[in-house]
Amino acid sequence: MNHFTIWQWVDFARGVAGETDGAAMDAHLASGCSRCTRMVTTLRRVTAIARAEAETEPPEGAIRYERALFSLYRPEKLGFGRLIGRLIHDSGLAPLPAGMRSQARSTRYLLYQAGTYYLDVQVQHDPESARLSFVGQLSDRAVQPTSTANLPIWLMDRKGLVASGFSNRLGEFQLECAPARTLQLRVPLPALGKRMDVSLTSLTKRDSGRSAPARAKSSMASRTPRKV
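Residues numbered from 1 in each chain as written. Predicted model: local features only at pLDDT ≥ 70, side-chain atom pairs only at ≥ 80, totals over all residues. Heavy atoms only, no water.

Across its full length, the protein carries 5 helices and 10 strands. Relative to its full complement of 228 residues, the protein shows a buried share of 32%. Within the protein, contacts between residues separated by at least 24 positions form 51% of all contacts whose residues are at least 6 apart in sequence. (Helix = DSSP H or I, 4+ residues; strand = E, 2+ residues; numbered from the N terminus. Buried < 20%, exposed > 50% of the residue type's maximum accessible area, 1.4 Å probe, protein only. Contact = heavy atoms within 4.5 Å.)

Residues Leu119, Phe134, Leu155, Leu185 and Met196 are the most contacted members of the largest nonpolar core, which totals 26 residues. Tallying contributions element by element places strand S4 (residues 117-126) first for this core, with 4 residues. Not counting residues up to four positions away in its chain, the partners in contact with leucine 185 are Leu119, Val121, Ile153, Trp154, Leu155, Phe173, Leu175, Met196, Asp197, Val198 and Leu200. Membership of the second largest hydrophobic core comes to 9 residues, among which are Trp9, Phe12, Met25 and Val40. (Core = buried A, V, L, I, M, F, W, Y, C linked by side-chain atoms within 4.5 Å.)

With that out of the way, let us pick up the confidence of the model for the protein. When pLDDT is averaged along the protein, the result is 78, and 76% of the positions lie at 70 or above. At the level of individual helices and strands, the protein shows its lowest average pLDDT in helix H5 (residues 212-223), which scores 42, and its highest in strand S8 (residues 172-177), which scores 93. This stretch, residues 206-228, has a pLDDT under 50; its non-local contacts, to residues over four places away or in other chains, come to 16 contacts. (pLDDT = per-residue confidence, 0-100.)

This next bit is on the side chain of arginine 186. Note on placement: arginine 186 falls in strand S9 (residues 184-189). Among the polar contacts made by the side chain of arginine 186, one reaches the side chain of glutamine 184 at a distance of 2.7 Å. (Polar contact = N/O pair within 3.5 Å; in protein donor to acceptor, adjacent residues only side chain to side chain.)

The strand order across the open sheet built from 5 strands is S2-S3-S4-S5-S8, with neighbouring strands paired in antiparallel fashion. Each edge of the open sheet is held by one strand with a lone partner, namely strand S2 (86-90) and S8. Taking each pair of neighbouring strands and ignoring which way they run, the sheet shows an average axis angle of 25 degrees. Pairing geometry for S4 and strand S5 (residues 131-140), over 10 bridges, is antiparallel. Within S5, the position partnered with tyrosine 117 by the bridge is aspartate 140. (Pairing = 2+ DSSP bridges. Axes fitted to C-alpha atoms, helices over the stretch in contact; angles between N-to-C directions.)

A few words now on the environment of threonine 146. By the element assignment, threonine 146 lies in the loop between S5 and strand S6 (152-157). Between the C-alpha atom of threonine 146 and that of proline 190, which follows or precedes it by 44 residues, the distance is 9.9 Å. Not counting residues within four places of it along the chain, the set of residues in contact with threonine 146 comprises Tyr117, Asp140 and Ala191. Within the structure, threonine 146 has its side chain in polar contact with the side chain of tyrosine 117 (distance 2.5 Å).

Turning our eyes to something else, we now look at the sheet that holds strand S10 (residues 194-199). Sheet architecture is open: 5 strands sit in the order S1-S10-S9-S6-S7, paired in mixed fashion. Looking along the sheet, the strands with just one partner apiece sit at the ends: strand S1 (81-84) and strand S7 (160-166). For this sheet, the mean inter-axis angle between neighbouring strands, taken without regard to orientation, is 25 degrees. In terms of strand pairing, S6 meets S9 through 3 bridges, oriented antiparallel. Looking at S9, one finds that tryptophan 154 is bridged to arginine 186.

If you want it as structure tokens, here you go:
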């Protein structure tokens, strides 16, 4: 009994074998060749899986995230254009109420604006773990706002990505990392083809957690001349 090659059976399983070869192969299977029957059964299953994969579309959110992630690692001129977030409110610059001015701040509230987008960030410093916790919300205040749900949120430093997450349906997110001098939040905005960049450098200064009077006292002490 003459057997056919695996490449011929592949064409047969895919339905692209010639009319003459197809008839001969059908006759071969009808003769009761168990080895070729098992091979054809396996190849037909593989063909069915491959066709199903070709017809499967990944979720829109996954595609959006991958495009945004790719833009992070390719040259800037080929990636997303940038929207620089401008700090318009910082609770750390406001004086503490009377009676609390000797206490260090552990939480700061920041508000950034880039075009019609606003990024509200609460930064919590945990002295015990020496880590920073970021709880934020991104919103578009345009007349016809775009959705800020399911957007990747990247927390970067000079060396690269230190933490990442996704915004929820309200544009809210939460991240945590160790303090660094070059922290930056990046939020791709696929609807605009741009990326919002927010610098967090001011949060990582050595005296950022001390009150204004304490800083002033320290500054005055450093200027006091020593007695000879």
